[in-house]
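Architecture at a glance
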Amino acid sequence: MSAPLLGRPELCSTICRELDEPMPGTAVMAAGWVVVEQPGPWGAKAPTQSHLDPEFGRRIDGACKKADLRFGLIRSPGKHADAVPRAHQVYVASTAPGRTWLLGGCVDDPAKLDALDLDAVNRGDLDAARASLPELSPVTQSVLLVCTNGKRDECCALLGRPIVAGLATRFPGRVWESNHLSGHRFSPTATLLPAGMMHGRLTVSSATAVLDAADRGETVLESLRGRSAWTKRGQVAEIAVRHLTGEVALDVLGVVAEDLDTVTVAHRDGRTWLVPVASEPADPPRPESCGKEPYDMSILRAGTVVPGGTR
């Protein structure tokens, strides 16, 4: 990505960078993800504003939300042909540690996703999910979805597309343009599947590091916004524990309890930590996305992490 783009003062991502707004706790919340390839242009609300049948898009998006899953569109890097008969790549991910998996495959009609057992995806039941849509099979390598949905926010197209272009040759078939991933002001943003780790303020170098780390079963802390399996407060707490301990293994930490003031994070080895997480006003107010007026948003921050003993 070029310096002039990063320096444009009117971009929400420029404002966010200059204010050094913290990223932990800004990922979406979802127990799993369902994405389908749809080439061609996307509108601001891509599931119903693209060449995907809008009635199907509305139906599957609503069904995924009901099942606590995130639905989205993806497309391959480069120019995008308008609607033509073709196979559509599908990825389905369960994101919770201990039941993290990724299914992938092609369907000739996206409407076949109506058969997918979304409740099985929610609870991480791999066998039931596979049985409901036999076109899908296990995928062993992580994939990275990079938001390039410029109709939703200008930053995503300007800053996201160079990331995809820069990674496409090194990671063929593993990097996809994606519609809205939330947090435009942290552009370029991306989601790693199946872990559901969401990242922001990426460069080609740092995005490469995310995929290389995933191949080792690890995450990258510097760009991490949170894991979608957790609540916003849980995301903040997990990242705080990772920074304290230096733990980068993807699936060894879990959020096991939350109360009004404290989040409990547990390690697979039995260690626990108590993390106070509080909300504070963002000062000064800032726009949520490009073209919007600044408003009084809140920021979540972790306090001092306290070891909680062994489970």
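Anything mentioned here points back to the structure above.
Rules behind the numbers
- Along each chain, the written sequence defines residue order, and numbers are assigned to residues from 1.
- It should be noted that, the model being predicted, local features are given only for residues of pLDDT at least 70 and side-chain atom pairs only at 80 or more, the latter also being counted only at that level, while totals for whole chains, interfaces and linings use all residues.
- Hydrogens and waters are ignored; side-chain quantities use all the structure's heavy atoms.
- The pairing test for Phe, Tyr and Trp rings, Trp by its six-membered ring, is centres within 6.5 Å, and the orientation test on the planes gives stacked under 30 degrees, edge-to-face over 60, and tilted for anything in between.
- Counting from the N terminus, the helices are the DSSP runs of H or I reaching at least four residues and the strands are the DSSP runs of E reaching at least two.
- Two conditions define a charge sitting above a ring: the NZ of Lys or the CZ of Arg must be within 6 Å of the ring centre, and it must be within 35 degrees of the ring normal.
- Each residue after the first adds 1.5 Å to the expected span of a helix.
- Buried, partly exposed and exposed residues are distinguished by accessible area as a fraction of the type maximum, computed with a 1.4 Å probe on protein chains only: under 20%, between the cut-offs, and over 50%, respectively.
- Throughout, the arc means the angular range of directions from the helix axis out to the C-beta atoms.
- What makes a nonpolar core is a set of buried Ala, Val, Leu, Ile, Met, Phe, Trp, Tyr and Cys residues whose side-chain atoms join them at distances within 4.5 Å.
- Between two residues, a contact is recorded if the distance between any of their heavy atoms is within 4.5 Å.
- Lines fitted to C-alpha atoms define the axes, with helix axes restricted to the stretch in contact, and inter-axis angles between N-to-C directions lie between 0 and 180 degrees.
- Each angle gets one of four labels, with under 35 degrees taken as roughly parallel, over 145 as roughly antiparallel, 65 to 115 as roughly perpendicular, and the rest as oblique.
- In this scheme the handedness of a crossing depends on how the near helix is turned from the far one: anticlockwise by less than a right angle means left-handed, clockwise means right-handed.
- Side-chain classes are defined by residue name, with Ala, Val, Leu, Ile, Met, Phe, Trp, Tyr, Cys and Pro counting as nonpolar, Asp, Glu, Lys and Arg as charged, and the others, Gly among them, as polar.
- Criterion used throughout: strands pair if DSSP finds at least two bridges between them.
- By the criterion applied in these results, polar contacts are pairs of N or O atoms within 3.5 Å in which, for protein atoms, one can donate a hydrogen and the other can accept it, and in which residues neighboring in sequence qualify only through two side-chain atoms.
- For salt bridges, the criterion is a side-chain nitrogen of Lys or Arg within 4 Å of an Asp or Glu carboxyl oxygen.

Taken as a whole and judged by the stated rule, the model has one aromatic pair. An angle of 70 degrees between the planes, with centres 6.0 Å apart, marks the rings of Tyr 91 and Trp 176 as edge-to-face. Taken as a pair, Tyr 91 in strand 3 (residues 88-94) and Trp 176 in strand 7 (residues 175-178) lie far apart in primary sequence, 85 residues in all. Note that Arg 75 overlies the ring of Trp 42, its terminal NZ or CZ placed 3.7 Å from the centroid.

The subject of this paragraph is helix 3 (residues 54-66). Counted at 1.5 Å a residue, the expected span for helix 3 with its 13 residues is 18 Å, and the 18 Å between its end C-alpha atoms agrees. Of all the residues in helix 3, the buried ones are Phe 56, Gly 57, Ile 60, Asp 61 and Cys 64. Buried residues of helix 3 fall within an arc of 125 degrees about the axis and therefore sit on the same side. Opposite the buried face of helix 3, by more than 90 degrees, sit the exposed residues Lys 65 and Lys 66. Positive backbone phi, at 60 degrees, marks Asp 68, one or two positions downstream of helix 3.

It is worth spelling out the nonpolar core at this point. Ranked by size, the top nonpolar core spans 26 residues in total, and within it Val 34, Leu 69, Phe 71, Val 92, Leu 113 and Leu 116 carry the most contacts. Of all the secondary structure elements, the ones that give two or more residues to this core are strand 1 (32-37), helix 3, strand 2 (69-75), strand 3, strand 4 (101-107) and helix 4 (118-123). Ignoring sequence-local partners within four residues, the contact set of Val 92 consists of Trp 33, Val 34, Trp 101, Leu 102, Leu 103, Leu 116, Val 121 and Leu 136. Listed in part, the 22 residues of the second largest apolar core include Leu 167, Phe 171, Val 175 and Met 197.

Quick look at the packing of helix 6 (residues 154-168) against helix 7 (residues 204-215) now. One way to put it is that helix 6 packs onto helix 7 with a least axis distance of 9 Å and a crossing angle of 55 degrees. Considered as vectors, helix 6 and helix 7 are oriented oblique to each other. In this structure, helix 6 crosses over helix 7, and the sense of that crossing is right-handed. Here helix 6 contributes Pro 162, Ile 163, Gly 166 and Leu 167 to the contact with helix 7, which in turn contributes Val 204, Ala 207, Thr 208 and Leu 211. Looking at the contact of helix 6 with helix 7 residue by residue, the class counts come to six nonpolar, two polar and no charged.

Turning to the environment of Pro 188, a few remarks are in order. When you line up the elements, Pro 188 lands in the loop between strand 7 and strand 8 (190-193). Separated by 19 residues in sequence, Pro 188 and Ala 207 place their C-alpha atoms 9.6 Å apart.

Okay, the sheet that holds strand 5 (residues 137-138) next. With mixed pairing, the ten strands of this open sheet are ordered in space as 5-4-3-1-2-7-6-8-9-10. Each edge of the open sheet is held by one strand with a lone partner, namely strand 5 and strand 10 (224-227). Here strand 1 pairs with strand 2 via six bridges, running parallel. From the neighbouring strand, Val 36 faces strand 2, where its bridge partner is Leu 73. With respect to the sheet, helix 3 is in contact with strand 1 and strand 2, its orientation differing from that of strand 2 by roughly 140 degrees.

The next subject is the side chain of Arg 227. By the secondary structure assignment, Arg 227 is in strand 10. Engagement of the side chain of Arg 227 in a polar contact is seen with the side chain of Asp 251, the distance being 2.8 Å. In this structure Arg 227 touches Thr 95, Ala 96, Pro 97, Thr 100, Ala 195, Gly 196, Met 197, Gln 235, Glu 238, Leu 250 and Asp 251, once residues within four positions along its chain are discounted.

Further remarks concern the pattern of salt bridges. For the structure on display, the rule yields 17 salt bridges. With a shortest N-O distance of 3.4 Å, Asp 61 and Lys 65 are connected by a salt bridge. With Asp 61 and Lys 65 both in helix 3 and four residues apart, this pair spans about one turn of that helix. Between Arg 174 and Asp 215 there is a salt bridge, and its shortest N-O distance comes to 2.8 Å. Remark: Asp 215 occurs in helix 7 and Arg 174 occurs in the loop between helix 6 and strand 7; sequence separation between them is 41 residues. Put simply, Glu 21, Arg 185 and Arg 286 are held in one network by salt bridges that share partners.

Where strand 11 (residues 253-258) meets strand 12 (residues 262-267), five bridges bridge the pair, whose relative direction is antiparallel. Of the residues in strand 12, the one forming a bridge with Leu 253 is His 267. Linkage of strand 11 to strand 12, two consecutive antiparallel strands, is achieved through a turn of three residues.

Put simply, Ser 187 and Pro 188 share a cis peptide bond, and its omega is -5 degrees. Pro 284 follows Asp 283 through a cis peptide bond whose omega is 0 degrees. Structurally, Pro 284 is set in the loop between strand 13 (271-281) and strand 14 (298-302). You will see that Ser 182, though not glycine, has its phi angle at about 80 degrees, which is positive. Here Ser 182 shows up in the loop between strand 7 and strand 8. Exposure remark for Ser 182: the relative accessible area of 15% places this residue in the buried category.

Geometric descriptors of this kind do not, in isolation, establish any biological role.
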